[in-house]
Amino acid sequence: MATLIGDVFTDSSRFHTQSPQYARYRERHGGASRFPSPPSSTSSEAQHGAVMEPSPSASSTATTVAPAQIPSPASDRGPRWNDDPQREIHVRDLAHVESLSGPASSASDPPLQAMKYDISGMPINDVIEMVAALLTKITTTNDLQHDALNRNAAHIRQAQAAKGDEEMSPLSSSVLAFHGKNVPAITILSYLSRIHKYCPTTYEVFLSLLVYFDRMTERVNDQVLKAEEARRQEDAAMSDETDSDLADDDDDDEPKQERGQATYFVVDSFNIHRLIIAGVTCASKFFSDVFYTNSRYAKVGGLPLAELNHLELQFLLLNDFRLAVPVEDLEAYATMLVEFYAREVVAHRSRPAEKATT
């Protein structure tokens, strides 16, 4: 099954809904009139993998936190963080994240999983780096687990065979719309940084991408599993029939076509860039007071305008036109993001240093 955003975390209590709400939007920076203009299609930046070929075309379990009991004087010894599982830390920047997981942290500090992190005060580029690191981890994992090359080839063949097929399920068509013929050369981090450079927006837009991708994965794959189970039951019922009139050639063709229509949604290297630019286009219009025309997003994202318009609609369909994200969910995903970056990225950086000293 596809790797979801939450699958890269091992802490089962990552979705706390009892935490207090914090301010949804940080103070605006700069003026809209100073935003840089996107480079032309002939610029060097656009030629280094940003332009992509046209396409062939998350439910979380809330953990109930027991109210903290007032300790008696006799038991009031040692670290107190066990009595406050939702201690909130305002993360300043990536260096602060590194210090939270580094050896400089105090022995009396609570573990990463026992805290809630507020990233609203972080520089937007630091948030982008954390989001890019997580999406890179997910796409790499899905590429290895699901054999992305063969799966993408099957999707292309299915899309070509489905041209003119009016019975193809809408969600399958939406999933296939994001699959490209080749993997773009530009990295996820460079792609997100490019989008923010020429279409600046708030950190909620980039954080919400994680929420949307989880919702899309769960919604599409749950429907595919239910459809396949229904087909298996139907096939089992038909195999028990003895009437030869039920086995004519015309009726046999339909189930075979339906079996080819099941398309799982998996975030991989072939669709992540299109998912990002479509997600930013939709989220910017929902979250931000400043957003741009689709022609600008298309130029920055390296896509034809007509294709971005199509991807925007498919993105909305896959999310069931639900772009609202509760503040509690944003808080939970922000905490997960900091935990992931501190545990995975910072830990990998420290290992070579430890080997060099030994």
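Residues numbered from 1 in each chain as written. Predicted model: local features only at pLDDT ≥ 70, side-chain atom pairs only at ≥ 80, totals over all residues. Heavy atoms only, no water.

Our focus in this paragraph is the overall build of the protein chain. Secondary structure summary: the protein chain contains 12 helices and two strands in total. Walking the protein chain from its N terminus toward its C terminus, one meets helices and strands in the order α-β-α-β-α-α-α-α-α-α-α-α-α-α. The buried share of the protein chain, taken over its 358 residues, is 47%. Per element, the accessible surface of the protein chain, about 18300 Å² overall, is 52% carbon and sulfur. (Helix = DSSP H or I, 4+ residues; strand = E, 2+ residues; numbered from the N terminus. Buried < 20%, exposed > 50% of the residue type's maximum accessible area, 1.4 Å probe, protein only. Areas by Shrake-Rupley, 256 points an atom, 1.4 Å probe, with all protein chains shown as cover.)

Here we take up the pattern of salt bridges. Tallied over the entire structure, the rule returns five salt bridges. One salt bridge in this structure joins E307 and R274, with 2.9 Å as the shortest N-O distance. Residue E307 is located in helix α11 (residues 305–318), and its partner R274 is located in helix α9 (residues 272–287); the two are separated by 33 residues in the primary sequence. The buried category is assigned to R274, whose relative accessible area is 2%. A salt bridge links K285 to E312, with the nearest nitrogen and oxygen atoms 2.8 Å apart. (Salt bridge = Lys/Arg side-chain N within 4 Å of Asp/Glu carboxyl O.)

Within the secondary structure, E312 sits in helix α11. Exposure remark for E312: the relative accessible area of 13% places this residue in the buried category. Only 2.7 Å separates the side chain of E312 from the side chain of N294, close enough to count as a polar contact. Beyond its immediate chain neighbours, meaning those up to four positions away, E312 contacts T281, C282, K285 and N294. (Polar contact = N/O pair within 3.5 Å; in protein donor to acceptor, adjacent residues only side chain to side chain. Contact = heavy atoms within 4.5 Å.)

Packing of α9 against helix α10 (residues 294–301) leaves a shortest axis separation of 10 Å and a crossing angle of 150 degrees. Taken as axis vectors, α9 and α10 run roughly antiparallel relative to one another. Note on packing geometry: the crossing formed by α9 with α10 is right-handed. Two secondary-structure elements touch here, α9 through I277, V280, T281, S284 and K285 and α10 through N294, Y297 and G301. Of the residues in the contact of α9 with α10, the class split is three nonpolar, four polar and one charged. (Axes fitted to C-alpha atoms, helices over the stretch in contact; angles between N-to-C directions. Parallel < 35°, antiparallel > 145°, perpendicular 65-115°, else oblique. Left-handed = near helix turned anticlockwise from the far one by under 90°. Nonpolar A, V, L, I, M, F, W, Y, C, P; charged D, E, K, R; others polar.)

Bringing the packing of aromatic side chains into the picture now. Throughout the structure, instances matching the rule amount to three aromatic pairs. Between Y292 and Y297 the ring centres are 6.0 Å apart and the planes differ by 80 degrees, which places this aromatic pair in the edge-to-face class. Exposure class is identical for Y292 and Y297. Each is buried. A cation over a ring is seen here: R296 above Y292, with NZ or CZ 4.8 Å from the ring centre. (Phe/Tyr/Trp six-rings, centres within 6.5 Å; stacked < 30°, edge-to-face > 60°. Lys NZ or Arg CZ within 6 Å of the ring centre and 35° of its normal.)

Predicted confidence across the protein chain gives a mean pLDDT of 74, with 56% of residues reaching 70 or more. The model gives residues 254–260 a pLDDT under 50, and that stretch makes five contacts with residues more than four places away or in other chains. (pLDDT = per-residue confidence, 0-100.)

Helix length check: α9, at 16 residues, gives a terminal C-alpha distance of 21 Å against a target of 22 Å (1.5 Å per residue), a fit within 8%. Burial analysis of α9 places 14 of its 16 residues in the buried class, the great majority of the element. (Expected span 1.5 Å × (residues − 1).)

Take the environment of R92 next. Mapped onto the elements, R92 comes out in the loop between β1 (87–90) and α2 (94–101). Residue R92 is classed as exposed on the basis of its relative accessible area, which comes to 54%. Distance from R92 to D118, taken between C-alpha atoms, is 8.9 Å for residues 26 residues apart in sequence. Excluding residues that lie within four positions of it along the chain, R92 makes contacts with G121, M122 and P123.

Where the residue is not glycine, phi is negative for most of them; where a peptide bond is considered, it is trans in most cases. Positive phi, normally seen in glycine, also occurs at D320, with a value near 55 degrees. Summarising the element assignment, D320 is placed in the loop between α11 and α12 (327–357). Given the relative accessible area of 40%, D320 is considered partly exposed.

With respect to the secondary-structure elements, F286 resides in helix α9. Residues F286 and L323 lie 37 residues apart in sequence; the distance between their C-alpha atoms is 7.2 Å. Those residues in contact with F286 that sit more than four places away from it in its chain are L323 and A324.

Taken N-terminus to C-terminus, the directions of helix α7 (residues 203–239) and α9 make an angle of 120 degrees; their axes are 9 Å apart at the nearest point. Relative to α9, the element α7 is oriented oblique. Between α7 and α9 lies a crossing of right-handed hand. Facing α7, whose interface residues are E204, V205, F206, S208, L209, Y212, F213 and M216, α9 presents I272, L275, I276, G279, V280, A283, S284 and F287.

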